[in-house]
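What follows is each chain in one-letter form.
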Amino acid sequence: MTSSVFASERLLFTPTSPHGDAIPIIFAFPNEYTVGITSLGYQVVWATLATREDVQVSRLFTDVQEPLPRKAELLGFSISWELDYVNILSLLESLDIPIRATSRNDFHPLVFGGGPVLTANPEPFADFFDVILLGDGENLLPNLIERYKQVRNASKETQLKALAQVPGIYVPSLYEVEYETQDGEIKSIKPICPEIPSVVQKQTYRGNTLSTSTVVTEKAAWENIYMVEVVRSCPEMCRFCLASYLTLPFRTASLEGSLIPAMEKGLAVTNRLGLLGASVTQHPEFEALLNYISQPKYDHVRLSIASVRTNTVTVQLAETLAKRDTRSLTIAVESGSEKLRQIINKKLHNDEIIQAAVNAKAGGLKSLKFYGMVGIPGEETADLQQTVAMMQSIKKAAPGLRLTFGCSTFVPKAHTPFQWFGVNPHSEKRLQMLQKQLKPQGIEFRPESYNWSIIQALLSRGDRRLSQLLELTRGFGDSLGSYKRAFKQLKGQIPDLEFYVHSNWSTQQILPWNHLQGPLPRSTLLKHLADSFPGVALATTDVNSSPKKLQPSNS
């Protein structure tokens, strides 16, 4: 099985032969090969390592692996999904490495991790890693290798202290967290000695050559796809959105300098092209990009495009996609309520959403998928009715277009203006209400599991006390019931589920990621939060029921 999986790969780079003294590295993705190899971030980091003479890299997935070194010096994990932590712990055990960093000695490899999950909030997983890379791999990876080479033969303690001096490299064991009480708020987060920086700053790559696939394979979850990152971050800055706030500033790949050469390179080996980015159609030269793909020589190409901004859905875009074997398009609208869209900074009007559907149909697309959300701070029942009404208007305006409404529950994310809000406990009922009203209209409703949203919120707002809980739940299974059972067992030792998931946190309290600086300082996030609810004091109010409960500020 193993050899056939790797034999199916068509590489778009040339691996280097490592020299005799190369650093043996295992680079792991904590999921199956078919999932891991579809991750553009994983592909790019692996190729970066494989083209260096000073490292010898072996890949490891949960189901297959390349021949592993007898004594690896570095073991890296790329993490894209929160619940993959279970697989990280299992892979560590399979390699005879203690799962807690404090139990490892100088003979164990240094375990490092990166990727969106750890960059957002590494704290629930902090005790399992020696080193965490915060931000874009383009800068961090070369700096990690170069600094490690300088201390390669030193003790683990010396290595960690040296690595902690590198911008964006976070060594959790060198920071001490104090709590008001065992199950209370955080009192302080401080480095354990003066030479360790008190704040670690996320690293941002500012070049205009973004990521592209380094391998194409039929064994990937998206078979034979060649992926091109068109933009990074999103200029819209919806106030709940991690994909925008965590990855600022908005960067675009150069059309002539990198996008076109990259596409030509990929289309020489496959006919499937994926354009990636949180807001692909907002590339300033997107029309020119479309024209390029529309050439007759690419008539055989199947094109997929990530979620697009609603008011950029033109008839031309729909025609190009329909011609290129795409039948559907996904747009994020969040809600049919103008009021809620104002709160979250979604600069969009219902007539633009309806026009997008009309254009999609006129261009020959067969279906349109909308992304929505319940439990947005300030949401009332009337707002849900407006979502239903909006979907009815779309159906009327574009008859025959198959409509799907995918809906999640608002989950607070670190480094966004809504990080202080908890999950609305009424969200599950609101999902059911939308289902009840949309289904009879012939609109397919696809809710994301409310229980999964609770687990996601727990991990996105958690602190490092949660590591005990994560070790326990592993034995219980990954249902919400398992987490509740583990909380019961740890009662009094850590805060309860309510504290992490549903509580609105005071804007004065120390957050688990206070010592980890995202693109925007806390003061800017607070300003954006205040802009959501003008004239309202937010620090101590409950916004989860209705705006009527928001008390106007006396200050």
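Residues numbered from 1 in each chain as written. Predicted model: local features only at pLDDT ≥ 70, side-chain atom pairs only at ≥ 80, totals over all residues. Heavy atoms only, no water.

- For the protein chain, the name recorded in an unreviewed UniProt entry is B12-binding domain-containing radical SAM protein, with Umezakia ovalisporum FSS-43 as its organism.

## Thoughts on the pairing of strand β19 (residues 402-409)
Reasoning step 1: Burial of β19 is extensive: seven of the eight residues sit out of reach of the surface.
Reasoning step 2: Judged from the eight bridges that link them, strand β18 (residues 367-374) and β19 form a sheet pairing that is parallel. Its bridge partner lying in β19, Tyr371 is registered against Gly406.
Reasoning step 3: Tracing the backbone out of β18, into helix α14 (residues 381-397) and back to the parallel element β19 gives a crossover that is right-handed.
Reasoning step 4: Bridging between β19 and strand β20 (residues 444-447) involves four bridges; their strand directions are parallel. (Buried < 20%, exposed > 50% of the residue type's maximum accessible area, 1.4 Å probe, protein only. Helix = DSSP H or I, 4+ residues; strand = E, 2+ residues; numbered from the N terminus. Pairing = 2+ DSSP bridges. Right-handed = clockwise from strand over helix to strand, strands pointing away.)

## Let's talk about a negative patch on the surface
Reasoning step 1: Where like charges cluster on the molecular surface, the negative patch consists of Glu176, Glu178, Glu180 and Glu185.
Reasoning step 2: Within the element layout of this structure, Glu185 appears in the loop between β8 (175-179) and β9 (186-191).
Reasoning step 3: Glu185 gets classed as partly exposed once you look at its relative accessible area, which sits at 35%. (Patch = residues over 30% accessible without salt bridge, like charges linked within 9 Å, V, L, I, M, F, W, Y side chains within 5 Å. Areas by Shrake-Rupley, 256 points an atom, 1.4 Å probe, with all protein chains shown as cover. Salt bridge = Lys/Arg side-chain N within 4 Å of Asp/Glu carboxyl O. Lys, Arg positive; Asp, Glu negative; His and termini not counted. Charge placed at Lys NZ, Arg CZ, Asp CG, Glu CD.)

## Concerning the sheet that holds strand β12 (residues 225-229)
Reasoning step 1: If you walk across this open sheet you meet the three strands as β12-β15-β16, and the pairing is parallel. Edge positions in the sheet fall to β12 and β16 (302-305), since each has one partner strand and no second. Between one strand axis and the next, the sheet turns through 20 degrees on average, direction left out of account.
Reasoning step 2: Judged from the five bridges that link them, β12 and strand β15 (residues 272-276) form a sheet pairing that is parallel. When the bridges of β15 are listed, Ile225 appears paired with Arg272. (Axes fitted to C-alpha atoms, helices over the stretch in contact; angles between N-to-C directions.)

## Describing the side chain of Lys346
Reasoning step 1: Along the chain, Lys346 falls in the loop between α12 (338-344) and α13 (350-362).
Reasoning step 2: Each residue touching Lys346, except ones within four places of it in the same chain, is listed here: Cys238, Ala332, Val333, Glu334 and Arg341. (Contact = heavy atoms within 4.5 Å.)

## Focus: the environment of Thr214
Reasoning step 1: Turning to its location among the elements, Thr214 is positioned in the loop between β10 (200-201) and β11 (215-216).
Reasoning step 2: On the accessibility criterion, Thr214 (10% relative accessible area) is buried.
Reasoning step 3: In this structure the C-alpha to C-alpha distance between Thr214 and Pro425, which are 211 residues apart in sequence, comes to 43 Å.
Reasoning step 4: Apart from residues no more than four positions distant in its own chain, Thr214 is found in contact with Arg10, Leu11, Leu12, Phe13, Gln43, Val44, Trp46 and Ala47.

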